[in-house]
Amino acid sequence: GTPKVLYQSPAEGVLCPQSIVLLGDTLYWADDCSDNIASASADGKSVVRILFDNENDNVSQPKGIAIDKAKDKIYWSEYDHSYIARGNIYGNGTPELVLEGVQANSISLQYK
């Protein structure tokens, strides 16, 4: 059958999604055209929620994302700034710089 469209560009936060992570019933992605980190329900029935953006958090050209559910953190790479940052998966608080000097298009977390 035909795939179901969940969220369609040009909705806010859905212009150029670069990475998508499914955690439970929530989708998370980095959008390098909108300069934000966003989330929405995986069933396509919720409004897109902007977690971190350029205006408030200086996000610029985010590419890859990874999630640490145990600590409720989302990590993302920013190509423009050449760093990896992290913030709370709920979008509250101030993002933190994790690593500088990298231009990563994708990232992953390793658990031991």
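For the structure, check the block above.
First, a word on scope: everything that follows refers to the structure included in this document. Per chain, residues are indexed from 1 in the order of the written sequence. pLDDT decides what is reported in this predicted model: residues at 70 or higher carry local features, side-chain atom pairs at 80 or more are listed and counted, and totals for whole chains, interfaces and linings draw on all residues regardless. In computing side-chain values, all of the structure's heavy atoms are included and hydrogens and water are not.

### Regarding the nonpolar core
Spelled out, the test is: Among buried residues, the Ala, Val, Leu, Ile, Met, Phe, Trp, Tyr and Cys ones that are joined through side-chain atoms within 4.5 Å form a nonpolar core. Accessibility here uses a 1.4 Å probe with only protein chains present; expressed as a share of the type maximum, an area under 20% marks a residue as buried, one over 50% as exposed, and anything in between as partly exposed. Here a strand is any run of E in DSSP of at least two residues, a helix any run of H or I of at least four, and the numbering for each starts at the N terminus.
Counting 13 residues, the largest nonpolar core has Tyr28, Ile37, Phe52, Ile65, Ile74 and Trp76 as its most contacted members. Elements with a contribution of two residues or more to this core: strand 2 (26–31), strand 4 (49–53), strand 5 (62–68), strand 6 (73–78) and strand 7 (83–88).

### With respect to unusual backbone geometry
A positive phi angle is found at Gln61, which is not glycine, with a value near 55 degrees. By the secondary structure assignment, Gln61 is in the loop between helix 1 (54–57) and strand 5. Of the residues examined, Gln61 reaches a relative accessible area of 22% and is grouped as partly exposed.

### Some points on the environment of Ser19
The condition is simple: Whether two residues touch is decided by their heavy atoms; if any such pair falls within 4.5 Å, the residues are in contact. By the criterion applied in these results, polar contacts are pairs of N or O atoms within 3.5 Å in which, for protein atoms, one can donate a hydrogen and the other can accept it, and in which residues neighboring in sequence qualify only through two side-chain atoms.
Following the sequence through the fold, Ser19 ends up in strand 1 (residues 17–23). Aside from chain neighbours lying at most four places away, what touches Ser19 is Tyr28, Trp29, Ala30, Lys63, Gly64 and Ile65. A polar atom in the side chain of Ser19 sits 2.8 Å from the backbone oxygen of Lys63.

### Points about the pairing of strand 1
Along any regular strand the residues' side chains alternate between the sheet's two faces. Put simply, the rule reads: The rule for pairing is simple: two strands pair if DSSP sees at least two bridges between them.
Here strand 1 runs beside strand 2; their pairing, made up of six bridges, is antiparallel. Bridging from a neighbouring strand, Ile20 pairs with Trp29 of strand 2. Between strand 1 and strand 2, which pair antiparallel in sequence order, lie two residues; one of them, Gly24, sits at a positive phi of approximately 65 degrees.

### Description of the side chain of Asp53
Rule in force here: For the purpose of charge, His is not counted, nor are the chain termini; Lys and Arg are scored as positive and Asp and Glu as negative. The rule for a salt bridge is simple: a side-chain nitrogen of Lys or Arg has to be within 4 Å of a carboxyl oxygen of Asp or Glu.
Its location among the elements puts Asp53 in strand 4. Summary of buried charges: Asp53 has no salt-bridge partner, and the nearest side chain of opposite charge, Arg49, is 11 Å away. At 3.5 Å, the side chain of Asp53 forms a polar contact with the backbone nitrogen of Glu55. Aside from chain neighbours lying at most four places away, what touches Asp53 is Asp35, Asn36, Asn58 and Val59.

None of this, on its own, says anything about what the molecule does.
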